[in-house]
Amino acid sequence: MRNKTYIGEISNYKDKDATISGWLYNMRSSGKLHFLMVRDGTGIIQVVVAKNDVDEKTFELCKELPQESSLKITGFVVEDKRAPSGYEIQAKNVELVHRADEYPITPKEHGTTFLMDNRHLWLRSSKQHAILKVRHSIIRACRDYFDNNNYTLIDAPIFTPAACEGTSTLFETDYFGSKAYLTQSGQLYMEAAAMSFGKVYCFGPTFRAEKSKTRRHLTEFWMIEPEIAYCDLDGDMDIAEEFIEYIVQRTLEERKEELKLLQRDTSKLETVQRPFPRISYDEAVKIIKDSGLEFEDGNDFGSLDETIVSEQFDRPVMVHRYPAAVKAFYMKGDPGDLSKALCVDVLAPEGYGEIIGGGQREDDLNILESKIKEHDLPMEAFDWYLDVRKYGSVPHAGFGMGIERAVSWICGLKHIRETIPFPRTISRIKP
Ligand code: 4AD
Ligand code: MG
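What counts as what
Residues numbered from 1 in each chain as written. Chains lettered and ligands numbered in written order. Predicted model: local features only at pLDDT ≥ 70, side-chain atom pairs only at ≥ 80, totals over all residues. Heavy atoms only, no water. Domains from an automatic or database assignment. Contact = heavy atoms within 4.5 Å. Buried area = accessible area lost by both parts, 1.4 Å probe. Buried < 20%, exposed > 50% of the residue type's maximum accessible area, 1.4 Å probe, protein only. Helix = DSSP H or I, 4+ residues; strand = E, 2+ residues; numbered from the N terminus. Pairing = 2+ DSSP bridges. Near = heavy atom within 4 Å. Polar contact = N/O pair within 3.5 Å; in protein donor to acceptor, adjacent residues only side chain to side chain. Nonpolar A, V, L, I, M, F, W, Y, C, P; charged D, E, K, R; others polar. Lys, Arg positive; Asp, Glu negative; His and termini not counted. Salt bridge = Lys/Arg side-chain N within 4 Å of Asp/Glu carboxyl O. Axes fitted to C-alpha atoms, helices over the stretch in contact; angles between N-to-C directions. Patch = residues over 30% accessible without salt bridge, like charges linked within 9 Å, V, L, I, M, F, W, Y side chains within 5 Å. Areas by Shrake-Rupley, 256 points an atom, 1.4 Å probe, with all protein chains shown as cover.

Engineer: Help me out: how do you make sense of the domain arrangement of the protein in this one?
Structural biologist: A common way to express how large an interface is: the accessible area buried when the components associate. Domain parsing of the protein yields domain 1 (7-98) and domain 2 (119-419). Using only C-alpha atoms to locate each centre, domain 1 and domain 2 end up separated by 46 Å. Each partner contributes residues to the interface: domain 1 has five residues there, and domain 2 has five residues. On the domain 1 side of the contact with domain 2, Tyr25, Arg39 and Gly41 bury the most area, a combined 76% of that side's loss.

Next up, the structure:
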């Protein structure tokens, strides 16, 4: 089946015969004509089956085809400015590859649980198709950004001996009689690798046993994490803003049609240009309090707090120097005020909240050891990580971006569950 034609390339066949292979999306009939809307993943095209152009069996077949039946169609390609793809096929032959059962997803409104139970089929719907096309472009842009800037891809392990992001969200597994955890982040491994390669990144699935249901949390999500040797917090923020600008502008160029189908207001993405505002945690707290919301100093931000802060700006805002007490053990203290960490969260506009978390790492062996103790973490699981501070320790920094958070924001979605092909949440592990 090599010489078939894809609908996305149909313009090459103008005024010629072509054979497409796809699925029936929709159809209507009027007397001597059937109009089949056929999709093949690269596009949708109208196929006109005229009683006079095909044999009787074919015409009868097309009369009652269930949605999602798979078809192979040969016909003559004509330009039609009114058609969605700009072309139409006048059928000469229609071959039924498989007659579908009655399809459960219809154009009527369905509830979210029903759609999620049928996620394996829902992926065929135009909106879901568009979201995953955008996701694909975002991932490619992320990789291109780091690849084009001389980072080396270093894959991090999935089974890990210890927590990176706190013990409350660990997934524990039995590892031949001892305990292992699914990784929460590849960061600690990237720190080791940065001392060999200078600039590295990893990209893979990460896991958090998030016990609450929110619009922003999955239990399995994909994270891209760069780590840079000889880099401080300011340098880290420079990279984060250049990276975000790049992926947003690339996606805007590459996925115009999909963003239009999703009714995304792209003017709100066009403003995503450097420089991004940089404010301290203390300044962010002032914004929250000035808005009239109650806030206790020293606390981490909740999603409402993040929304209020990000609403002040028309592009992502970088909030730095959170209280060390609410952040992970590996963060370096701010030499000017050791109660603060040299960290940054990048908050997306329009209420999308944190898309990036990162910062400068503690590079002093003794301080790091005492932080591991303070956080009540098992020292023996971190002996290898401490070695990174024994043999040529240098200032270094990095960050992690959750791909699904970025997709949710760029597509303008209400809920993160549609940004990943098969979402995993506290209440869902199927399909
Ligand atoms: O802020 P987090 O926890 O940072 C880290 O994991 C660092 N070790 C990263 C690093 O510096 N290399 O997570 C980073 C990002 C968040 O900003 C968010 O985009 C995403 O990961 N994220 C989640 N996305 C979906 N569901 C969840 N449960 C997420 N938790 C974090
Ligand atoms: Mg975070």
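Past the structure itself, the notes keep going.
Engineer: Can you help me understand the pairing of strand 3 (residues 44-50) in this one?
Structural biologist: Along any regular strand, the residues point their side chains to alternate faces of the sheet. Of all seven residues in strand 3, six are buried; the element is thus mostly enclosed. Two strands pair when backbone bridges link them, and strand 2 (residues 33-39) and strand 3 are joined in this way by seven bridges, in the antiparallel orientation. The partner of Leu33 across the bridge, within strand 3, is Ala50. Counted between consecutive antiparallel strands, the loop separating strand 2 from strand 3 contains four residues, among which Gly41 sits at a positive phi close to 95°.

Engineer: Looking at this model, I keep getting lost on the environment of Asp234. Mind explaining?
Structural biologist: By the secondary structure assignment, Asp234 is in helix 6 (residues 233-254). When the C-alpha atoms of Asp234 and Gln360 are compared, they prove to be 9.0 Å apart, with 126 residues separating the residues in sequence.

Engineer: Is there a simple way to explain the site of ligand 1 in this structure?
Structural biologist: In the neighbourhood of ligand 1, 23 residues make up the surrounding shell, with Glu165, Gln187, Glu225, Glu354 and Ile355 lying closest. Take Arg361: an N or O atom from its side chain is 2.9 Å from an oxygen atom of ligand 1. Of all the elements in the fold, those that place two or more residues in the shell around ligand 1 are strand 11 (220-229), strand 17 (353-360) and strand 18 (396-402). Counting residues per element, the shell around ligand 1 draws most heavily on strand 17, at five residues. Looking at the shell around ligand 1 residue by residue, the classes come out as eight nonpolar, seven polar and eight charged.

Engineer: Got a minute to help me understand the side chain of Arg208 in this structure?
Structural biologist: One can find Arg208 in the loop between strand 10 (199-207) and strand 11. Notably, Arg208 is buried but unbridged: the nearest opposite-charge side chain belongs to Glu210, and the N-O separation is 4.8 Å. The residues touching Arg208, leaving out its near neighbours within four places in the chain, are Glu165, Thr169, Phe171, Gln184, Ser185, Leu218, Thr219, Phe221 and Met223.

Engineer: Would you take a moment to explain the sheet that holds strand 1 (residues 17-30) for this structure?
Structural biologist: Sheet strands line up and pair through hydrogen bonds in the backbone, either parallel or antiparallel. Pairing within the closed barrel is mixed, and its five strands lie in the order 1-2-3-5-4. Here the strands of the sheet are splayed against their neighbours by 55° on average, with no regard to which way each runs.

Engineer: I keep staring at the pairing of strand 17 and nothing clicks. Help me out?
Structural biologist: For strand 17, a buried count of six out of eight residues is recorded, marking the element as mostly surrounded by other parts of the structure. One ladder, built from six bridges, connects strand 16 (residues 343-348) with strand 17; its direction is antiparallel. By the bridge assignment for strand 17, Ala348 is matched with Gly353. Linking strand 16 to strand 17, which pair antiparallel, is a turn of four residues; within it Glu350 sits at a positive phi near 60°. Here strand 17 runs beside strand 18; their pairing, made up of five bridges, is antiparallel. Paired with Gly358 across the bridge in strand 18 is Phe399.

Engineer: Please clarify how helix 13 (residues 403-411) should be interpreted in this entry.
Structural biologist: Think of an α-helix as turning once every 3.6 residues; residues three or four places apart then point the same way. Of all nine residues that make up helix 13, nine are buried, and the element is covered over most of its length. Ile403, Glu404, Arg405, Ala406, Val407, Ser408, Trp409, Ile410 and Cys411 are the residues of helix 13 that are buried. Downstream of helix 13 by one or two residues, Gly412 has phi in the positive range, about 70°.

Engineer: Just to check I follow, could you spell out a nonpolar patch on the surface for this structure?
Structural biologist: Together, Phe159, Tyr175 and Phe176 make up a nonpolar patch on the protein surface, roughly 390 Å² of accessible area in all. Tracing the chain through its elements places Phe159 in strand 7 (residues 159-160). Here Phe159 falls in the partly exposed class, since its relative accessible area comes to 46%.

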